[in-house]
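One-letter residues, chain by chain:
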Amino acid sequence: MTTAEALVWMAEMFEEPKGNITAGTARADIAAWDSLGQLILMSALDQQFGIRLTQAELSSLASVQDVLDILARHERLQG
Amino acid sequence: MTAGERSFLDFGGRLVVVTGASSGLGRACAGVLSEHGARILLVGRDPATLAATQRGLSGEGHEILVLDLNHLDRIGPEIARVAGQVGRVYGLCHAAGVVETRPLSVTTSDVVQQMMTVNLLAGIELARAVARRDVMDQDGGSLVFLSSIYGRVGVAGETGYSATKGAVAAAVRSMAIELARRRVRVNAISPGLVLTPMTDSALGTLSREHVAAIEQKHPLGLGTPADVARAALFLLSPATAWITGIDLVVDGGYSAQ
């Protein structure tokens, strides 16, 4: 998955228009990324990428870049 | 209708998705909602009967979506596609339903699954599709699901149907809690026996004595689709903005006994 594709994936997941989410978008600026949004993200990372986050990792996510970093760390991101 | 009543229930062109819109409760709900200024997205399997419903609606801006709700994976993409064309959705009235009246001994899992798919799972898929932030009106909305009095009281021959309808009312309560923060209301209606093509078909499998016994359990007699449609109109109306998570019984007194 490219970074551009990952941004589209996150926009779809959080029900935002595609252009609304960039690497620099903060969690606080995404309405659906609340406590339930955390569960959506956790479930999506597990089901689609086989990435299981610890509670500490999940709680530390504060931006779209943080999610991209996790994808990269698990070798799910190219370019 | 007085001006006061009109303003209380006016939908002001808001778009409401109505399933089962080809006949029965869905058609009645679409009709009464259109009379109060809603635009309707009519969902059903048969283009000809949907078109007949559409011709009977008041006002303009109504659309048809031919969709078999048994195909659960098509619901989200189709709702998103149509919403992209006609605008954001305010409401949902899930009136489509399946009933198979059978004694327990022949209530096989595939029979139950068939009812579960349309009565419950399609409803949840519809809620997921309609309540998306990029689909629903940004001011919130209202979802109504047709449950049944048989989800509350037992009756011979309806084990599967009762299970699906009880599950609908239970799911409605949790959806109501989850979506409240976005001003999206979720409610159920539990009708008693209403004469529709679906119930006509179900009653046709029963003896005359059995049908008479069912009728006698409704102190106000059997219901009409309009009786239920007016309840849906009330719950869907923007004016009932503080009602969520309820299961409104509309049963002619059946369950008061």
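Residues numbered from 1 in each chain as written. Chains lettered and ligands numbered in written order. Predicted model: local features only at pLDDT ≥ 70, side-chain atom pairs only at ≥ 80, totals over all residues.

## Focus: the overall build of chain B
Then, in step 1: Broken down by element type, chain B carries nine helices and seven strands.
Then, in step 2: Its C-alpha atoms give chain B a radius of gyration of 17 Å, near enough to 18 Å, the size a compact globule of 257 residues would have.
Then, in step 3: Summarising its shape, the C-alpha atoms of chain B cover approximately 50 × 45 × 40 Å along the three principal directions.
Then, in step 4: By the burial criterion, 44% of the 257 residues in chain B qualify as buried.
Then, in step 5: For chain B, long-range pairs separated by at least 24 residues make up 73% of all intrachain contacts whose partners lie at least 6 apart in sequence. (Helix = DSSP H or I, 4+ residues; strand = E, 2+ residues; numbered from the N terminus. Rg over C-alpha atoms; globule rule 2.2 N^0.38 Å. Buried ≥ 20, exposed ≤ 12 C-beta atoms within 10 Å, placed from the backbone. Contact = placed C-beta atoms within 7 Å.)

## What about the pairing of strand 3 (residues 63-66) of chain B?
All names here are of chain B.
Then, in step 1: Of the strand pairs in this sheet, strand 2 (residues 39-44) and strand 3 are connected by four bridges, and their pairing is parallel. By the bridge assignment for strand 3, L41 is matched with E63.
Then, in step 2: A crossover connection joins strand 2 to the parallel strand 3 through helix 3 (residues 47-55); in handedness this β-α-β unit is right-handed. (Pairing = 2+ DSSP bridges. Right-handed = clockwise from strand over helix to strand, strands pointing away.)

## Quick notes on the interface of chain A and chain B
Then, in step 1: Each partner contributes to the interface: chain A provides six residues, whereas chain B provides four residues.
Then, in step 2: Looking at the side of chain A that touches chain B residue by residue, the classes come out as four nonpolar, no polar and two charged. (Nonpolar A, V, L, I, M, F, W, Y, C, P; charged D, E, K, R; others polar.)

## Some remarks on helix 2 (residues 35-49) of chain A
Then, in step 1: The end-to-end C-alpha distance of helix 2 of chain A is 21 Å, a good match for the 21 Å that 15 residues give at a rise of 1.5 Å each.
Then, in step 2: Of the residues one or two after helix 2 of chain A, G50 of chain A is the one with positive phi, at around 65°. (Expected span 1.5 Å × (residues − 1).)

## Topic: the sheet that holds strand 6 (residues 184-191) of chain B
All names here are of chain B.
Then, in step 1: Spatially, the seven strands line up as an open sheet ordered 3-2-1-4-5-6-7, and their pairing is parallel. Across the chains shown, the open sheet's two edge strands, defined by having one partner strand only, are strand 3 and strand 7 (247-250). Across the sheet, the mean angle separating the axes of adjacent strands is 20° when strand polarity is ignored.
Then, in step 2: In terms of strand pairing, strand 1 (residues 15-19) meets strand 2 through five bridges, oriented parallel. Residue pairing for strand 2: L15 is matched across the bridge by R39.
Then, in step 3: On top of the sheet, helix 2 (residues 24-35) reaches strand 1, strand 2, strand 4 (91-94) and strand 5 (141-146); it is set at about 165° to strand 1, its chief contact.
Then, in step 4: Against the sheet, helix 5 (residues 109-130) makes contact with strand 1, strand 4 and strand 5, and its axis sits at roughly 170° relative to strand 4, the strand it touches most. (Axes fitted to C-alpha atoms, helices over the stretch in contact; angles between N-to-C directions.)

## Things to note about the nonpolar core
Residues and elements named next belong to chain B.
Then, in step 1: By size, the foremost hydrophobic cluster in this structure holds 70 residues, and its most contacted members are V16, V17, V18, C29, L33, V130 and A232.
Then, in step 2: At eight residues, the largest contribution of residues to this core is made by helix 5.
Then, in step 3: Beyond its immediate chain neighbours, meaning those up to four positions away, L33 contacts F11, V16, A38, I40, L233 and L236. (Core = buried A, V, L, I, M, F, W, Y, C linked by C-beta atoms within 7 Å.)

## A look at the confidence of the model for chain B
Then, in step 1: Averaged over chain B, the pLDDT score is 94; the fraction of residues at 70 or greater is 97%.
Then, in step 2: If you check the scores for this complex, the pTM reads 0.90 and the ipTM reads 0.74. (pLDDT = per-residue confidence, 0-100.)

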